[in-house]
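Residue-level listing of the chains:
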Amino acid sequence: MILGEKMKRVSLSAILSSLIISVCLSVGEIIHEFGSLRYLIHKDYLISNIVDFLFTFIIWYFITILIFKLLDKKITFKNKAFNFIFKEHPISMITFILIIIGLPIIITFYPGPVQWDGMWQLNYYSNVLPWSNHHPFVSTFFLGTVERIGSLILNDNFGIFLYTFPQFLFSCYIIANIIDFQNKCETSDVIKLLTFIFFALSPSWYLYAYTFMKDTYYYLIFVIFFINYIKFYFNDINKHQIIIFLISAILLILIRNNGIYVVSVSMLTLLFLKKDYKKISLSFIFMFIITQLILNTLMIICHIEPGNIRETLSVPIQQIARYTIYNDLTKEEKETIEKLFIYDENDIALYYDKDNADPIKESLYIESKDDLKPFMNLWINFIKKDPITCIDATLNNTYGYFYPYKEDVKESIGYFRVVDNKSINKGNFDFKMNKKFKRFRKDFEENFYKLRRSKYIRFIYNTGTYFIILVILMCYCTYKNKKHYLIITTPLLMTYAFCILSPVNAYLRYMNPIIISIPIFISVITSKKYNKN
């Protein structure tokens, strides 16, 4: 009877998982090949689409069951070296090993790649551009201050290194802490080893760790937040860890503009579902609100421009642009577009990029909420008149986040140089990498991209892969009758929602908080420790 109930749960969970994955793969394939959902039910493709869907469903049904069975197994290695590194001294040993592996990148890429956003923030800090909260001004102040101290000590290069090298060390330390957390969860040794291999052998993690930008610290602190969020949920947290939890949440708010939504919704979820910690959850939310109010006040006092509202409008902007291209406009609609955009309807057709909303977004005139009304009216009108084209616009701009065959749109596997675009690198800083290693860096980049596009390895660097993994893991919770474990995915799902709302399709940099947290989630749902709670 018990065995029959278990098999029923396995079957139902596998059906749910394979259904979601099959829908994602079918829709992704249609968008990838044809760019429109209309071809999903087109008479010339309908039968083949149904056959493909059923075949995909059956294949993924059995793959999901196999993965469930593998997750059920706990394998313990009886190797002295493994135990010494992974069980007795995981933090010190794994941190040390990662530093040693990353040393060639530290030396040859000195002082560290400078990414577009990092350079933009330096321009704010140095008043090359007016200060703006387009990139959170607190993170701008931190990046700029560290760079300035280093440049005063030695030169601009050392200023970058003073930021990137401690960030690199912190990255190694955080990855070691992930494995230490797995240890405490009594995770299978196979999962620990695979986690280590995933981080240790991928050049991306070293490049991100050594790049001058705000995003690296964001996903590293996200790990601290996520681990303590899990402990908080399972009543496995002490006062010291609660303080760390609060600090990590506030830092997420300070580093990225969407951080306030990720942490607030995550805590609101616990507020309603975790009654024994209701007072602490309320206190956290109150602190987040106070933090945001202080930030808003400082922006006014320091005359810092708020981020332009168009940064939140990628979805409607892409839908308006695509509708404009694929439909005839009325005279009134043309006039409205000319008032709202720098481009007319012909220019929009020229500059529209289905994968990236930035080219059209930057042409939008909206500066305040008062300018929103005609924009929203136009958008709603277009949705009513042609909803399929509007849906197509959003799917074309997002399908890479659920379709694992879609490659990254931007340079998201890592950064290899100081940004040299003259529109942002205006020559105010003297950043340069050692010419002696130029050939090595060029070969390293070329070989990495070859590896990235190889037949199987490529999936590691495609964002849709991690959505598929997350779906399987969440369905594994239903199979194990741990539906309440889905609550702890709130920070991950909020992060994923912002990937969907972002301007760029299949951008690995946006998915990094989820990717780095997946080994943590695997450890929790397979944990004997949290099973006891």
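Residues numbered from 1 in each chain as written. Predicted model: local features only at pLDDT ≥ 70, side-chain atom pairs only at ≥ 80, totals over all residues. Heavy atoms only, no water.

With that settled, consider helix α20 (residues 438-452). Across its 15 residues, α20 extends 21 Å between first and last C-alpha, which sits within 8% of the 21 Å expected from 1.5 Å per residue. In this fold, the buried residues of α20 make contact with α4 (90-108) and α9 (203-209). (Helix = DSSP H or I, 4+ residues; strand = E, 2+ residues; numbered from the N terminus. Expected span 1.5 Å × (residues − 1). Contact = heavy atoms within 4.5 Å.)

Here we come to the pattern of salt bridges. Think of it this way: side chains of opposite charge can pair up when their charged atoms draw near. One pass over the structure, following the stated rule, counts 22 salt bridges. Salt-bridge contacts for D392 lead to R38; the nearest nitrogen and oxygen are separated by 3.5 Å. Highlighted residues: D392 in helix α19 (residues 387-398) and R38 in the loop between α1 (2-34) and α2 (46-72), separated in sequence by 354 residues. For D392, a relative accessible area of 1% gives the class buried. A relative accessible area of 41% places R38 in the partly exposed class. Ionic pairing is found between D215 and R256, a salt bridge with its closest N-O pair at 2.9 Å. One end of the pair, D215, is in helix α10 (residues 215-233); the other, R256, is in the loop between α11 (239-255) and α12 (259-273), and 41 residues separate them in sequence. (Salt bridge = Lys/Arg side-chain N within 4 Å of Asp/Glu carboxyl O. Buried < 20%, exposed > 50% of the residue type's maximum accessible area, 1.4 Å probe, protein only.)

Averaged over the protein chain, the pLDDT score is 92; the fraction of residues at 70 or greater is 97%. When mean pLDDT is compared element by element in the protein chain, α4 scores highest at 98, while helix α24 (residues 528-531) scores lowest at 76. (pLDDT = per-residue confidence, 0-100.)

Turning next to the packing of α2 against helix α21 (residues 463-479). Between α2 and α21, the shortest axis-to-axis distance is 10 Å and the interhelical angle comes to 65°. With respect to each other, α2 and α21 are oriented roughly perpendicular. Pair α2 / α21 crosses with right-handed handedness. Two secondary-structure elements touch here, α2 through W60, I67, F68, K69, L71 and D72 and α21 through I468, I472, L473, C475, Y476 and Y479. Partitioning the contact of α2 with α21 into residue classes produces 10 nonpolar, no polar and two charged. (Axes fitted to C-alpha atoms, helices over the stretch in contact; angles between N-to-C directions. Parallel < 35°, antiparallel > 145°, perpendicular 65-115°, else oblique. Left-handed = near helix turned anticlockwise from the far one by under 90°. Nonpolar A, V, L, I, M, F, W, Y, C, P; charged D, E, K, R; others polar.)

For the rest of this paragraph, the subject is the environment of L25. Inspection of the secondary structure assignment puts L25 in helix α1. Looking at L25, the relative accessible area reads 13%, which means it is buried. Remark: the alpha-carbon pair of L25 and F375, spanning 350 residues in sequence, is separated by 33 Å.

All right, on to the packing of helix α7 (residues 156-184) against α10 then. Closest axis-to-axis distance for the α7/α10 pair is 10 Å, and the angle between their directions is 25°. Between α7 and α10, the interaxial angle falls into the category roughly parallel. Judged by the sense of rotation from one axis to the other, the crossing of α7 with α10 is left-handed. Residues Y163, P166, Q167, F170, S171, I174, I178 and F181 of α7 pack against T216, Y217, L220, I221, V223, I224, I227, I230 and K231 of α10. For the contact of α7 with α10, the residue count by class is 13 nonpolar, three polar and one charged.

Three or more residues of helix α3 (residues 80-88) are buried, namely F82, N83, I85 and F86. In this fold, the buried residues of α3 make contact with α4, α7 and α8 (189-200). By the N-cap criterion, in which a side-chain oxygen at the helix start approaches the backbone nitrogen of a residue two or three places on, α3 is capped by N79, the distance to A81 being 3.0 Å. (Polar contact = N/O pair within 3.5 Å; in protein donor to acceptor, adjacent residues only side chain to side chain.)

Moving on: the packing of aromatic side chains. Inspection of the entire model under this criterion finds 61 aromatic pairs. With a centroid separation of 3.9 Å and an interplanar angle of 15°, the aromatic rings of Y323 and F382 are classed as stacked. One end of the pair, Y323, is in helix α14 (residues 314-326); the other, F382, is in helix α18 (residues 372-385), and 59 residues separate them in sequence. The buried category is assigned to Y323, whose relative accessible area is 2%. When the centroid spacing of 5.3 Å and the interplanar angle of 5° are considered together, the rings of F429 and F431 count as stacked. An aromatic cluster is defined as three or more aromatic residues linked by ring pairs; in this entry it consists of Y218, F222, F225, F226, Y229, F232, F245, F284 and F288. Here the guanidinium or amino end of R256 rests over the ring plane of Y218, the centre of that ring lying 4.1 Å away. (Phe/Tyr/Trp six-rings, centres within 6.5 Å; stacked < 30°, edge-to-face > 60°. Lys NZ or Arg CZ within 6 Å of the ring centre and 35° of its normal.)

Right, let's get into a nonpolar patch on the surface. Judged by side-chain polarity, F286, I289, I290, L293, I294, L298 and I301 come together as a nonpolar surface patch covering roughly 650 Å² of accessible area. Mapped onto the elements of the fold, I290 is located in helix α13 (residues 278-301). Exposure remark for I290: the relative accessible area of 31% places this residue in the partly exposed category. (Patch = residues over 30% accessible without salt bridge, like charges linked within 9 Å, V, L, I, M, F, W, Y side chains within 5 Å. Areas by Shrake-Rupley, 256 points an atom, 1.4 Å probe, with all protein chains shown as cover.)

It is worth spelling out the environment of C172 at this point. Along the chain, the position of C172 falls in helix α7. Note: C-alpha distance between C172 and L295 (123 residues apart in sequence) is 31 Å. Not counting residues within four places of it along the chain, the set of residues in contact with C172 comprises T95, L98 and I99.

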